[in-house]
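Architecture and fold: a report
These are the residues of each chain, in order.
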Amino acid sequence: MTTAVEMASHSQVLMEDKYTVRILTLNRPNQMNALSWNMITRLLQLFLAYKDDPRVKLVILKGQGKAFCAGGDVRPVICDIVQGKWRLGADFLSDQYTLNYVMATYSKIQISIMNGIVMGGGAGVSIHGRFRIATEKTVFAMPETELGLFPDVGASYFLSRLPGFFGEYVGLTGARLDGAEMLACGLATHFVPSTRLTALEADLCRVVSNDPDTFSSKILNAYTQHPHLKQHSAYHRHVLDVIDKCFSRRTVEEIISALEREAIQEPDEWISATLRALKKASPASLKISLRSIREGRFQEVGQCLIREYRMVCHVLKGELSKDLVEWEPQRLEQVTDNMVDQYFKRMDEEEGWEDLKLPPRINLSSSIIAKL
């Protein structure tokens, strides 16, 4: 007999069986497909089942409505924290990070169709996939520092691998990128006009090859366009030079000072907007986010997720700061290096707490370990 929870998870993640292809659709359009615990559990169940099913060559993931996925549904997590039950929130994120890891190390082809809003947890279920399709409707952001969090779901892995110091810029400011910018920086592998997605899906569902990677790549390349970057894009050469010059600095304070100097020497609305974003973000979030991305540059995706789980448990417990409820500390200089260090430590003093346990992945090639 199907339980109410199973019915909810099945209705929130729709599954289509098309020969050797499985199409999964995130189906909470009124909530911009924000990931509920039921959805995460269902996606994990399906991805693990497809991994061992020789009939499945390709998994397509997309969203219903105007969003691909606006992130994890953190409202229940906040309620749990307020009620003193932060460990429930930690369990939710443990499952979410496990799903991110399964996708990042998946031996079969995942194609993420990011037609609409892609934020936070939505990036976690798309960017780790082998192929990532952006459209003219795509809007990408990691807005966590404005929410008292930090870019997680493996973001310290994929942001740190963007060209230059673009990942620091995206992660600290929560900057919104369009589809053309995602393609330019490598977050997207292809750009396809939204009007051609139905035809693209139909062609992808014809995969019968023993080499689905090559097959998918040929189909996607046939549909791909190369859009022009907007005049004031964050990915224009001049802006990239400023990003690399400023966001390569050692500390958040030095990044802000460097941007302020640039603003004086050459007034620019983009620099002003960047400074405003940094100054309205949580001071603690900015500092732990910068260190997280810097550490992620030298770690594999599993190591990043394990570290991010430690960090998020400290955030949820709220002993180091209360940033999910209110900005505390309120100033950058009040967030000391010692305070930042604490976020990266195990919580051995917490009874029953354990590091994130990721499923074993056997015989991984370098191309599977890192798809970016």
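To keep things clear, this report deals only with the structure shown in the data block. Counting starts from 1 at the beginning of each chain's written sequence and moves along it residue by residue. Whole-chain, interface and lining totals are the exception, using all residues; otherwise, since this is a predicted model, local features are given only for residues with pLDDT of at least 70 and side-chain atom pairs are given and counted only at 80 or more. To get the side-chain values, take all heavy atoms of the structure and skip hydrogens and water.

**Brief notes about the sheet that holds strand β4 (residues 67–69)**
Heads up, the condition is: Here, a strand pair is defined by DSSP locating no fewer than two bridges between the strands. Numbering of helices and strands runs from the N terminus, with a helix taken as a DSSP run of H or I at least four residues long and a strand as a DSSP run of E at least two residues long.
In space, the four strands of this open sheet follow the order β4-β6-β8-β9, with mixed pairing throughout. Of all strands in the sheet, those bounded by a partner on one side alone are β4 and β9 (177–178). In this structure, strand β6 (residues 117–119) lies alongside strand β8 (residues 139–141), joined through three bridges in parallel fashion. Its bridge partner lying in β8, Ile117 is registered against Val139.

**What about the sheet that holds strand β7 (residues 131–134)?**
Paired through their backbone hydrogen bonds, the strands of a sheet run either parallel or antiparallel. Threshold: Contact criterion: two residues are considered in contact whenever any of their non-hydrogen atoms come within 4.5 Å of each other. With axes taken as lines fitted to C-alpha atoms, and helix axes fitted only over the stretch in contact, angles between N-to-C directions fall between 0 and 180 degrees.
The strand order β1-β2-β3-β5-β7-β10 describes an open sheet built from six strands, whose pairing is mixed. The sheet terminates laterally at β1 (13–18) and β10 (190–191), the two strands that pair on one side only. Of the pairings in the sheet, the one linking β7 to β10 comprises two bridges and is parallel in character. Within the sheet, the bridge partner assigned to Ala134 lies in β10 and is Phe191. Contacting β2 (21–26), β3 (58–63), β5 (109–114) and β7, helix α9 (residues 197–204) crosses the sheet at an angle of about 160° to β3.

**Topic: unusual backbone geometry**
Its identity is not glycine, yet Met32 carries a phi of approximately 55°, on the positive side. Relative to the elements of secondary structure, Met32 occurs in the loop between β2 and α2 (37–51).

**Quick notes on the side chain of Arg307**
We apply this condition: Remark: exposure states derive from per-residue accessible area (1.4 Å probe, protein chains only) relative to the maximum for the residue type, with buried under 20%, exposed over 50%, and partly exposed in between. Here a polar contact means two N or O atoms within 3.5 Å. Within protein one must be a hydrogen donor candidate and the other an acceptor candidate, and residues neighboring in sequence count only if both atoms are side-chain atoms.
With respect to the secondary-structure elements, Arg307 resides in helix α15 (residues 301–317). Accessibility expressed as a relative area gives 6% for Arg307, which makes it buried. Reaching out from Arg307, the side chain makes a polar contact with the side chain of Gln299 at a distance of 2.9 Å.

**Focus on helix α3 (residues 75–82)**
Quick reminder of the rule: As used here, the arc belongs to the directions running from the helix axis to the C-beta atoms.
For α3, the full list of buried residues reads Val77, Asp80 and Ile81. Angular distribution of buried residues about the axis of α3 spans 100°; they occupy a single face of the element. In α3, the exposed positions that point more than 90 degrees away from the buried face belong to Arg75 and Val82. Where α3 is buried, its residues meet α4 (86–104) and α15. Just downstream of α3, Gly84 is the residue with a positive phi angle, here 80°.

**A word on the environment of Tyr157**
Its location among the elements puts Tyr157 in helix α6 (residues 155–158). Along the primary structure Tyr157 and Glu300 are separated by 143 residues, whereas in three dimensions their C-alpha atoms are 7.1 Å apart.

**Digging into the nonpolar core**
Here is the rule we go by: Nine residue types can take part in a nonpolar core, namely buried Ala, Val, Leu, Ile, Met, Phe, Trp, Tyr and Cys, and a core is a set of them joined through side-chain atoms within 4.5 Å.
Phe140, Phe158 and Phe166 are the most contacted members of the largest nonpolar core, which totals 96 residues. Ranked by residue count, the leading element in this core is α4, at 10 residues. Formed by 19 residues, the second largest nonpolar core is a distinct cluster that contains Ile109, Ile111, Ile133 and Leu204.

**Here's the deal with the pairing of β5**
Within β5, six of the six residues are buried, which leaves the element mostly enclosed by the surrounding structure. Alternating positions in β5 separate into two faces, Ile109, Ile111 and Ile113 on one and Gln110, Ser112 and Met114 on the other, with burial throughout. Strand direction decides the pairing type here: β3 and β5, joined by four bridges, are parallel. Looking at β5, one finds that Leu61 is bridged to Ser112. Here four bridges tie β5 to β7, and the two strands are oriented parallel to one another. Considered in β7, the bridge of Met114 is made with Ala134.

**Some remarks on the environment of Gly179**
In this fold, Gly179 is placed in helix α8 (residues 179–185). Using a relative accessible area of 2% as the deciding quantity, one classes Gly179 as buried. Once you skip the residues sitting within four places of it in the chain, Gly179 turns out to touch Ala134, Thr135, Thr138 and Phe191.

**A word on the packing of α2 against α4**
Note the following rule: Angle categories are assigned with fixed cut-offs, so that under 35 degrees is roughly parallel, over 145 is roughly antiparallel, 65 to 115 is roughly perpendicular, and the rest are oblique. The crossing is said to be left-handed when, going from far helix to near helix, the turn is anticlockwise and less than a right angle, and right-handed when the turn is clockwise. When residues are sorted by character, Ala, Val, Leu, Ile, Met, Phe, Trp, Tyr, Cys and Pro go into the nonpolar class, Asp, Glu, Lys and Arg into the charged class, and all the rest, Gly among them, into the polar class.
The N-to-C vectors of α2 and α4 enclose an angle of 30°; their axes lie 10 Å apart at closest approach. Considering the angle they form, α2 stands roughly parallel to α4. In terms of crossing hand, the pair formed by α2 and α4 is left-handed. For the pair α2 and α4, contact is made by Trp37, Ile40, Thr41, Leu43, Leu44, Phe47 and Leu48 and by Leu88, Asp91, Phe92, Asp95, Gln96, Thr98, Leu99, Val102 and Met103, respectively. Residues that form the contact of α2 with α4 fall into these classes: 11 nonpolar, three polar and two charged.

**A few points about the side chain of Gln299**
Position of Gln299 relative to the elements: it lies in the loop between α14 (283–296) and α15. Looking at Gln299, the relative accessible area reads 19%, which means it is buried. Residues in contact with Gln299, not counting those within four places in the same chain, are Tyr157, Arg161, Cys304 and Arg307.

**Side note on the packing of aromatic side chains**
How we decide: Each aromatic pair joins two rings of Phe, Tyr and Trp (for Trp, the six-membered one) with centres within 6.5 Å, and gets the label stacked for planes under 30 degrees apart, edge-to-face for over 60, and tilted for any other angle.
Taken as a whole, this structure holds seven aromatic pairs when the rule is applied. For the ring pair Trp37 and Phe92, a centre distance of 5.9 Å and an interplane angle of 85° mean the geometry is edge-to-face. On the criterion of sequence distance, the pair formed by Trp37 in helix α2 and Phe92 in helix α4 is long-range, its members being 55 residues apart. Judged by relative accessible area, Trp37 falls into the partly exposed class, the value being 34%. Consider the rings of Tyr309 and Trp353, whose centres lie 6.2 Å apart with planes at 10°: the pair is stacked. Taken together, the positions of Tyr309 in helix α15 and Trp353 in the loop between α16 (337–343) and α17 (366–369) put the pair 44 residues apart, joining distant regions of the chain. Each member of the pair Tyr309 and Trp353 is classed as buried.

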